[in-house]
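# Residue-level structure breakdown
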Amino acid sequence: VVDNPYDGSEAARVRLLGASEAVAQAVAAARVQREWAAETTVAERVELCGRFLDALEADVDRVAADITAQMGKPLAASRGEVRGVRERAEAMMALAPASLAPEQLPEKPSFTRRIEKVPVGVVLAIAPWNYPLLTAVNCVVPAVLAGNAVQLKHSPRTPLCADAFERAFAAAGAPAGLVQALPCSNEAVHAAIELPQVGLVSFTGSVKAGHAVHASASRRFIDTTLELGGKDGAYVAADADVAAAAASLVDGAFYNAGQSCCAIERVYVHETVHEEFVARALELVRAYRLGEPRGRG
């Protein structure tokens with residue numbers, strides 16, 4: 001059960017897969033991936049991802065409402081996150097043809113040498129709750145473009161966001177099982193990592209969980225991508241536009257309730273503008289109000 005962080009009401013109820021079920025789903029995805037990858041070109045995968053974006057945006061009301069109900073960001077911010085998926089995805093779609101093309105190496109007598117870009121099979125994507133779409137799309141779209149299947153395990157705080165990806169890819173015409181939600185326990189995740197069909201694990205979350213994911217993946221020598229947060233500071237120089245600096249840094253600290261990988265955590269201010277900066281920052285901070293995230297404020 002996922003509670004609404006604003007009022008404590010039930011936001012969602014999702015059945016978790018057991019370890020054997022999670023393993024069976026990933027194995028089935030590998031069968032789908034092999035056939036699909038053999039039959040599709042990079043250009044066709046780019047087209048599929050374009051249709052995915054259209055389907056996700058057509059579902060914006062439902063997706064945004066689910067994000068807000070599960071993790072509490074204002075509804076306008078949730079809708080903005082849905083829109084932001086396209087910018088990131090289209091950048092990766094534009095890079096795909098050149099990035100995935102074979103690399104021809106210099107000629108050598110009696111040899112033809114090149115580097116082929118081949119799918120790894122099933123990609124296990126483990127996504128956090130703070131930006132449940134933008135963090136997930138960083139893995140899901142490039143994985144599909146490269147010819148892989150994706151098992152998407154979202155945070156227990158935002159499981160419905162994995163459903164949104166599965167739903168949109170299905171609406172786009174992807175074969176069943178190519179992109180799937182994987183609602184399961186941590187134990188089931190580690191069981192999936194041990195599968196030979198899983199060729200890469202992408203994780204965004206805490207340092208502690210990142211250690212655990214890397215430990216499981218390292219036993220198989222498969223690649224992992226780990227994004228474990230940031231520790232971001234800022235410096236306001238003597239010649240800075242203090243009003244602009246205060247506005248940017250207060251927003252950078254408080255946006256998404258501060259739950260951002262690149263949120264501003266500390267500010268160093270030159271002594272000559274310190275008093276002005278603090279006064280302007282306080283004015284902005286005091287204007288913030290807690291409220292219903294589905295409202296207009």
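The following paragraphs examine the structure supplied in this document. (Residues numbered from 1 in each chain as written. Predicted model: local features only at pLDDT ≥ 70, side-chain atom pairs only at ≥ 80, totals over all residues. Heavy atoms only, no water.)

## Quick notes on unusual backbone geometry
In terms of backbone geometry, most residues other than glycine have negative phi values and most peptide bonds are trans. Cut-off, in case you're wondering: The secondary structure listing takes helices from DSSP runs of H or I that are at least 4 residues long and strands from runs of E that are at least 2 residues long, numbered from the N terminus.
Backbone geometry at S110 places phi at a positive 75°, although glycine is not the residue there. Position of S110 among the secondary structure elements: in the loop between β3 (103-104) and β4 (114-115). One non-glycine residue, N256, adopts positive backbone phi at about 60°. Structurally, the position occupied by N256 is in the loop between α9 (242-254) and β11 (264-269).

## Looking at empty space enclosed by the protein
Here is the rule: Cavities and pockets are defined on a 1 Å grid built over the protein atoms alone: a cavity is a set of grid points where a 1.4 Å probe fits but cannot escape, while a pocket is an open set with protein on both sides within 12 Å along at least five of seven lines, and lining residues are those with an atom within 4 Å of any such point. Grid points are joined across faces, edges and corners, and a volume is the space filled by probe spheres set on the points. Gly is placed with the polar residues, together with every amino acid not listed as nonpolar (Ala, Val, Leu, Ile, Met, Phe, Trp, Tyr, Cys and Pro) or charged (Asp, Glu, Lys and Arg).
In this structure the tally under the stated criterion is 1 cavity of 30 Å³ or more. There is about 40 Å³ of room inside the largest cavity. Taken together, L152, H154, P159, A162, D163, A181, L182 and P183 form the lining of the largest cavity. Of all the elements in the fold, those that place two or more residues in the lining of the largest cavity are β6 (149-154) and α6 (159-171). Of the residues forming the lining of the largest cavity, the biggest block, 3 residues, is contributed by α6. Residue composition of the lining of the largest cavity, by class: 6 nonpolar, 1 polar and 1 charged.

## Remarks on the sheet that holds strand β5 (residues 122-127)
Convention followed: Any two strands with at least two DSSP bridges between them are considered paired. Lines are fitted to the C-alpha atoms to define the axes, a helix being fitted only along its stretch in contact, and any angle between axes, read from their N-to-C directions, falls within 0 to 180 degrees. Pairs of residues are marked as contacts when any of their non-hydrogen atoms sit within 4.5 Å.
Taken in spatial order, the 5 strands line up as β7-β6-β5-β8-β9 in an open sheet, and their pairing is parallel. If you trace the sheet from one side to the other, it starts and ends with β7 (179-181) and β9 (223-227), each paired once. On average, each strand axis in the sheet is tilted by 15° relative to the strand beside it, whichever way the strands run. Where β5 lies against strand β8 (residues 198-204), 5 bridges are found, and the strand directions are parallel. Note that in β8 the partner of V123 across the bridge is L200. Its contacts with the sheet put helix α8 (residues 207-218) on β5, β8 and β9, and the angle it makes with β9 is roughly 175°.

## So, the layout of surface pockets
The space that makes up the largest pocket amounts to roughly 770 Å³. Along the wall of the largest pocket there are 26 residues; nearest its centre are G72, K73, P74, A257 and R289. Among the elements of the structure, α4 (75-99) and α9 are those that each provide at least two residues to the lining of the largest pocket. The element contributing the most residues to the lining of the largest pocket is α4, with 3 residues. A class-by-class count of the residues in the lining of the largest pocket yields 14 nonpolar, 6 polar and 6 charged. As a volume, the second largest pocket reaches approximately 560 Å³. Together, 29 residues line the second largest pocket, and P128, F203, T204, G205 and S206 are the ones closest to its centre. Those elements giving two or more residues to the lining of the second largest pocket turn out to be β5, α7 (186-193), β8 and α8. Looking at side-chain class alone, the lining of the second largest pocket contains 14 nonpolar, 12 polar and 3 charged residues.

Purely geometric stuff here, so don't read any function into it on its own.
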